Amino acid sequence: MAESIVNIEVEDLKRVELVKIGGRIDSSNVAQLDNVLKEIAGRKNNVVLEMSGVDYISSAGLRAMISLLRECKKQKGDVRLAAPSERVVEVLGLAGLDALFEVYDTDAAAVGSF
Amino acid sequence: MGSEQSLTVPGRYKEIKRICEFIAAGAAQAGFDDEAIFRLELCCDEASTNIIEHAYGEEDTGSIVVSYEISGDDFIIVMRDQGRAFDPALVPPPPTINLDGTSADGSTGQLRIGGLGLHLIRNLMDEVRFSSDSREGNKLVMIKKLEAQTGKEAS
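The structure reproduced in this document is the subject of the present report. (Residues numbered from 1 in each chain as written. Chains lettered and ligands numbered in written order. Predicted model: local features only at pLDDT ≥ 70, side-chain atom pairs only at ≥ 80, totals over all residues. Heavy atoms only, no water.)

What to know about the overall build of chain A
Each helix and strand in chain A was counted, giving four helices and five strands. For chain A, with 114 residues in total, the buried portion stands at 57%. With an accessible surface of roughly 4,800 Å², chain A has 48% of that area assigned to carbon and sulfur atoms. (Helix = DSSP H or I, 4+ residues; strand = E, 2+ residues; numbered from the N terminus. Buried < 20%, exposed > 50% of the residue type's maximum accessible area, 1.4 Å probe, protein only. Areas by Shrake-Rupley, 256 points an atom, 1.4 Å probe, with all protein chains shown as cover.)

Structural data, given as structure tokens:
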């Protein structure tokens, strides 16, 4: 049986942390994402999540995103989304959480918004 | 139409994808499109996660039995476990999250572990029922109507 694979790439930019996430985010691998995001929240308060490559996300993934948002807001920062896939947009909408994140078409636009 | 198909897996997060694939195959056979199949997978994922987190309390404590069948216009998914009784009806919907900083902090902090998943299930399925008894354990029935799907295909 194929395991759920999530790919995470982190780019440490001047004012923003750019995190590119791809693959499948579910409860079997969300701890991996959560650990990376927690580590980032400890040193940067502005984060862009580039999520064009996410082909599946469950509420476990949403909780990791919300947890990051909470930490960034505490430090007067924000989490913004770049090019989220249709699945990400859909699940955020279904959960009623779509208004929580500003969404940009590209990672450059999202990074530039800070 | 189709007889009941059933799969039993250990209550472990890594097994949830297998449950999703099993349901996806059945849903594809029943005639659901990719979008609807994704939504059914998501519901099974959320329900399985809740079983491990709430009914069993942790991984590798018991098994999850998932089955599906088509009855008339209904695609019926049944998930069973032998853990603690966990009635989804008793879990309140997630709180509304305000966008200003302080409220968002408070509200997001209050999001319950199972609250979001159940909210998604309630939004996506046409019918959700839960029952529990000491002999048969917990039983979650989730029903999606095929009617809307075939109507969509015909148009």
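So that's the structure; there's more coming.
A short note on the interface of chain B and chain A
Taken together, the 33 residues of chain B in the interface contact 27 residues of chain A. When chain B packs against chain A, close to 2,600 Å² is buried across both sides, 60% of that on carbon and sulfur atoms. Summed over the shared surface of chain B and chain A, the number is four salt bridges. Counting across the interface, chain B meets chain A through six residue pairs in polar contact (both at pLDDT 80 or more). Only helix H1 (16-30), helix H2 (34-56), helix H3 (101-110) and helix H4 (115-124) of chain B provide two or more residues apiece to the side of chain B that touches chain A. (Contact = heavy atoms within 4.5 Å. Buried area = accessible area lost by both parts, 1.4 Å probe. Salt bridge = Lys/Arg side-chain N within 4 Å of Asp/Glu carboxyl O. Polar contact = N/O pair within 3.5 Å; in protein donor to acceptor, adjacent residues only side chain to side chain.)

Description of the packing of aromatic side chains
Inspection of every chain in the model, using the stated rule, returns four aromatic pairs over all chains. With 5.8 Å between their ring centres and 80° between their planes, A:Tyr56 and B:Phe38 make a pair best called edge-to-face. On the criterion of chain membership, the pair formed by A:Tyr56 in strand S3 (residues 46-57) and B:Phe38 in helix H2 is interchain, its members lying in two chains. Per residue, the accessibility class of A:Tyr56 equals that of B:Phe38, and both read buried. When the centroid spacing of 5.4 Å and the interplanar angle of 75° are considered together, the rings of B:Phe32 and B:Phe75 count as edge-to-face. (Phe/Tyr/Trp six-rings, centres within 6.5 Å; stacked < 30°, edge-to-face > 60°.)

Observations regarding the packing of H1(B) against H2(B)
Residue and element names in this part refer to chain B. One can describe the packing of H1 onto H2 by two numbers: an axis separation of 9 Å at closest approach and a directional angle of 145°. For the pair H1 and H2, the crossing hand works out as right-handed. Between H1 and H2, the contacting residues are Ile16, Ile19, Cys20, Ile23, Ala24, Ala27 and Ala28 on the first element and Ile37, Leu40, Glu41, Cys44, Asp45, Ser48, Thr49 and Ile52 on the second. Tallied by class, residues from the contact of H1 with H2 come to eleven nonpolar, two polar and two charged. (Axes fitted to C-alpha atoms, helices over the stretch in contact; angles between N-to-C directions. Left-handed = near helix turned anticlockwise from the far one by under 90°. Nonpolar A, V, L, I, M, F, W, Y, C, P; charged D, E, K, R; others polar.)

A closer look at the side chain of A:Ser85
With respect to the element layout, A:Ser85 can be found in the loop between strand S4 (78-82) and helix H3 (86-94). For A:Ser85, a relative accessible area of 11% gives the class buried.

Side note on the sheet that holds strand S1 (residues 5-10) of chain B
All names here are of chain B. Spatially, the five strands line up as an open sheet ordered S1-S2-S3-S5-S4, and their pairing is antiparallel. Every interior strand has two partners, whereas the edge strands, S1 and strand S4 (127-133), have only one. The mean angle between the axes of side-by-side strands here comes to 15°, regardless of whether they run parallel or antiparallel. (Pairing = 2+ DSSP bridges.)

Some remarks on the environment of A:Gly77
All names here are of chain A. Along the chain, the position of glycine 77 falls in the loop between helix H2 (59-74) and S4. Considering only alpha carbons, one finds glycine 77 and valine 47, 30 residues apart in sequence, at a separation of 8.0 Å. Residue contacts for glycine 77: discarding those within four places in its chain leaves Asn45, Asn46 and Cys72.

A few points about helix H1 (residues 30-41) of chain A
Residue and element names in this part refer to chain A. In this model H1 runs 16 Å from its N-terminal to its C-terminal C-alpha over twelve residues, within 8% of the 16 Å that 1.5 Å per residue would give. Among the residues of H1, Val30, Leu33, Asp34, Leu37, Ile40 and Ala41 are the ones counted as buried. The buried residues of H1 occupy an angular sector of 125° when projected down its axis, which confines them to one face. Seen from the open side of H1, the exposed residues pointing more than 90 degrees away from its buried face are Asn35 and Lys38. (Expected span 1.5 Å × (residues − 1). Arc of directions from axis to C-beta.)

Overview of unusual backbone geometry
A positive phi angle is found at A:Lys76, which is not glycine, with a value near 60°. Summarising the element assignment, A:Lys76 is placed in the loop between H2 and S4. Even without being a glycine, B:Asp60 presents a positive backbone phi close to 60°. Secondary-structure assignment places B:Asp60 in the loop between H2 and strand S2 (63-71).

What about the nonpolar core?
Grouped together as the largest cluster of nonpolar side chains are 74 residues, with contacts concentrated most on A:Leu49, A:Met51, B:Phe75, B:Ile77, B:Met79 and B:Met142. Contact partners of B:Met142, with chain neighbours within four places excluded, come to B:Cys43, B:Cys44, B:Ala47, B:Phe75, B:Ile76, B:Ile77, B:Met79, B:Ile121, B:Met125 and B:Glu127. In this structure, A:Leu18, A:Ala110, A:Val111 and A:Phe114 belong to the second largest nonpolar core, which totals seven residues. (Core = buried A, V, L, I, M, F, W, Y, C linked by side-chain atoms within 4.5 Å.)

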